[in-house]
Amino acid sequence: MLKGNTVGLRARHEDDIPVLRAELFDDVVNGSRADGRPWRPVTPGTKDPRLVVDDTEQGRVPFSVVDLASGTLVGMANLWGIDTHNRSAHIGLGLLPAARGKGYGTDVVAVLCHYGFVVRGLHRLQIETLADNTAMLRSAERNGFVREGVLRSSSWVLGEFLDEVLLGLLAEDWKPAARS
Ligand SMILES: CC(C)(COP(=O)(O)OP(=O)(O)OC[C@H]1O[C@@H](n2cnc3c(N)ncnc32)[C@H](O)[C@@H]1OP(=O)(O)O)[C@@H](O)C(=O)NCCC(=O)NCCS
């Protein structure tokens, strides 16, 4: 397990899947904001590619996020779009609604940076998030990510186009101690 100050990032367990699906994807608003594709219902028992892990897939590393002290599941996180030539990747995360606003998100980003820069030897990490997602923007900026641009009207979310903000962090600018 990868450990931060308050969170652990571990492998996806089978019994995480129904919880993550119900809390993060079944709700149309949460699901539409978290996924660039249109919301649709997923039949129980089918292999949802957002949640079911294929360990042979090289470009994406999915984690389940737990509270370090109790081991309770609090969300999911991914390093995705891993490009071993340009040594870059994207990060993404989603916390269960009851776990938001308690500092976990900032700590998850810190652990994903450790995984990307130290474990994988990457040079650049990137995040795209909706421009109104203050909690995600702050979680990224607290870890040293800088806003590199706005993707104007790039995301169709429940009846309107929203801007996305693109943030990046280079290995040489990362200060692991700055997170706590
Ligand atoms: C985005 C998300 C991962 C952030 O994690 P979090 O644990 O809620 O965030 P934190 O508690 O670490 O807070 C980070 C900062 O955002 C602020 N913040 C938290 N929730 C906020 C809210 N609802 N509105 C405004 N600011 C908020 C905190 O005060 C903190 O600010 P600070 O660094 O200036 O002190 C989490 O809210 C989440 O899973 N949201 C739904 C899914 C999602 O949006 N995922 C990201 C898709 S790119």
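Structure's up top.
Note that the structure is a prediction, hence the values are computed from the model and not measured. (Residues numbered from 1 in each chain as written. Predicted model: local features only at pLDDT ≥ 70, side-chain atom pairs only at ≥ 80, totals over all residues.)

*Asks:* For the overall build of the protein, give the residues involved together with the corresponding values.
*Replies:* In terms of helices and strands, the protein carries 4 helices and 8 strands. Ordering the α and β elements of the protein from the N terminus gives β-β-α-α-β-β-β-α-β-α-β-β. At 16 Å, the protein has a C-alpha radius of gyration in line with the 16 Å of a compact globule built from 180 residues. Considering only residue pairs separated by 6 or more positions, the protein has 59% of its internal contacts joining residues 24 or more positions apart. (Helix = DSSP H or I, 4+ residues; strand = E, 2+ residues; numbered from the N terminus. Rg over C-alpha atoms; globule rule 2.2 N^0.38 Å. Contact = placed C-beta atoms within 7 Å.)

*Asks:* Outline the site of the ligand, supporting the account with residue identities and numerical values.
*Replies:* Inspection of the region around the ligand gives 20 residues, with L95, G105, T106, A135 and R138 positioned closest. When residues of the shell around the ligand are traced back to their parent elements, those giving at least two are β5 (88-95), α3 (104-119) and α4 (134-141). No other element matches α4, which puts 5 residues into the shell around the ligand. Considering only residue class, the shell around the ligand consists of 6 nonpolar, 10 polar and 4 charged. (Near = placed C-beta within 6 Å. Nonpolar A, V, L, I, M, F, W, Y, C, P; charged D, E, K, R; others polar.)

*Asks:* Please set out the sheet that holds strand β7 (residues 146-157) residue by residue, giving values where relevant.
*Replies:* Here 8 strands make up an open sheet; going across it, the order is β1-β2-β3-β4-β5-β6-β8-β7 and the pairing mixed. This sheet does not close on itself; its edge strands, each paired only once, are β1 (2-3) and β7. In this structure, strand β2 (residues 7-10) lies alongside strand β3 (residues 60-67), joined through 4 bridges in antiparallel fashion. Counted as the bridge partner of R10 is S64 from β3. (Pairing = 2+ DSSP bridges.)

*Asks:* Could you give an account of the nonpolar core, with specific residues and numbers?
*Replies:* Within soluble globular proteins, side chains that are nonpolar tend to cluster in buried spots. Core analysis: the biggest nonpolar cluster contains 36 residues, and V7, V65, A77, I91, V108 and L112 have the highest contact counts within it. A per-element tally of this core places α3 first, with 9 residues. Those residues in contact with V65, other than ones at most four positions away along the chain, are V7, L9, V74, G75, M76, A77 and V108. (Core = buried A, V, L, I, M, F, W, Y, C linked by C-beta atoms within 7 Å. Buried ≥ 20, exposed ≤ 12 C-beta atoms within 10 Å, placed from the backbone.)

*Asks:* How would you summarise the environment of G75 if you had to cite specific residues and measurements?
*Replies:* Its place among the elements puts G75 in strand β4 (residues 73-83). Exposure remark for G75: the 26 C-beta atoms within 10 Å place this residue in the buried category. Linking G75 and D48, residues 27 residues apart in sequence, is a C-alpha distance of 16 Å. With residues near it in sequence (within four places) discarded, G75 still touches V65, L93, G94, L95, L96 and A99.

Remember that the coordinates give geometry; whether it matters functionally is a separate question.
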